[in-house]
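# Inside the fold
Here is how the chains run, residue by residue.
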Amino acid sequence: MKLAVILGAALLAVLSSNPARAEFTVCNQTLDVVNLAVGQKVDNADQTDGWWTIGANQCVNVIREELTNRYVYIYATDVFGHAILNGSTEMCIERRRFSIRGIDECWQRGHIAAGFLEVDTLEQARWTFFLTGSNP
């Protein structure tokens, strides 16, 4: 019993000594594996990045630094590449891992246009989005 208390106190000390990290986390609450792409402003330019693979009932930190944008954009597909979460903001993606600057003229620049869902983080430094079977 004393060992458990000592270990618990040591763990608490280690966790509390690290500064809190701000981030954007996506939790997949579906029964399927999803592939996720993220769009945001980086150095005053729109940028999309992908892919993060998120297993069923798993969470992944897709933005690891403090959120500086109120809006983050996400797009998700199933393992077959079919969109399972999309929105009305058109941004560029690729079939393989990518980082693309700019969201205009996706097709003309050799990319694929996809509709990203806008997530309003309410200007919080940390945000978690829960992907469910009922997302728009």
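Our subject is the structure listed above.
Described below are features of the structure shown in this document. These numbers come from a predicted model, not from an experiment.

Rules of the game
Residues numbered from 1 in each chain as written. Predicted model: local features only at pLDDT ≥ 70, side-chain atom pairs only at ≥ 80, totals over all residues. Heavy atoms only, no water. Helix = DSSP H or I, 4+ residues; strand = E, 2+ residues; numbered from the N terminus. Buried < 20%, exposed > 50% of the residue type's maximum accessible area, 1.4 Å probe, protein only. Contact = heavy atoms within 4.5 Å. Pairing = 2+ DSSP bridges. Axes fitted to C-alpha atoms, helices over the stretch in contact; angles between N-to-C directions. Disulfide = S-S within 2.5 Å. Core = buried A, V, L, I, M, F, W, Y, C linked by side-chain atoms within 4.5 Å.

## Considerations on the overall build of the protein chain
Along the protein chain, the regular secondary structure elements total 1 helix and 10 strands. Counting from the amino terminus, helix and strand elements in the protein chain follow one another as α-β-β-β-β-β-β-β-β-β-β. Here the protein chain holds 136 residues, and the buried ones make up 38% of them. The long-range share in the protein chain, meaning contacts at least 24 apart out of those at least 6 apart in sequence, stands at 67%.

## What to know about the sheet that holds strand β4 (residues 58–63)
The sheet built from 3 strands is open, its strands ordered β4-β1-β10 with mixed pairing. Because the sheet does not close on itself, it has two edges, and the strands there are β4 and β10 (127–131). Here the average twist between neighbouring strands, direction ignored, is 25°. In this sheet, β4 lies alongside strand β1 (residues 24–28) in antiparallel orientation, the contact comprising 5 bridges. Across the sheet, the residue bridging to C27 is C59, located in β4.

## Points about the state of the cysteines
Inspection of every chain in the model, using the stated rule, returns 2 disulfides. Two residues share a disulfide in this structure: C27 and C59, whose sulfurs sit 2.0 Å from each other. What sets the handedness of the C27 and C59 disulfide is the S-S torsion sign, and at about 110° it is right-handed. Here C59 lies in strand β4 and C27 lies in strand β1, a separation of 32 residues in the sequence. For C27, a relative accessible area of 8% gives the class buried. Residue C59 is classed as partly exposed on the basis of its relative accessible area, which comes to 45%. A disulfide bridge connects C92 with C106, and the sulfur atoms are separated by 2.0 Å. In this structure, the disulfide formed by C92 and C106 twists by about -90° around the S-S bond and is classed as left-handed.

## Quick look at the nonpolar core
For soluble globular proteins, nonpolar side chains are generally found buried alongside one another. Counting residues in each nonpolar core, the largest one holds 18 residues, and the members touching the most others are F24, L36, V62, I74 and F129. Elements with a contribution of two residues or more to this core: β1, β2 (34–42), β4, β5 (71–77), β9 (112–120) and β10. The contacts of F24, once residues within four sequence positions are left out, are V60, N61, V62, I63, L67, V72, I74, V119, T121, W127 and F129. Membership of the second largest hydrophobic core comes to 15 residues, among which are C92, F98, I112 and F116.

## A look at unusual backbone geometry
The omega angle of the peptide bond from G50 to W51 is 10°, so this bond is cis rather than trans. Along the polypeptide, W51 turns up in strand β3 (residues 45–54). A positive phi angle, close to 55°, is found at N57, a residue other than glycine. Among the secondary structure elements, N57 is positioned in the loop between β3 and β4. The class for N57 is exposed, based on a relative accessible area of 56%. Even without a glycine there, the phi angle at E105 is positive, about 50°. Along the chain, the position of E105 falls in the loop between β8 (98–101) and β9.

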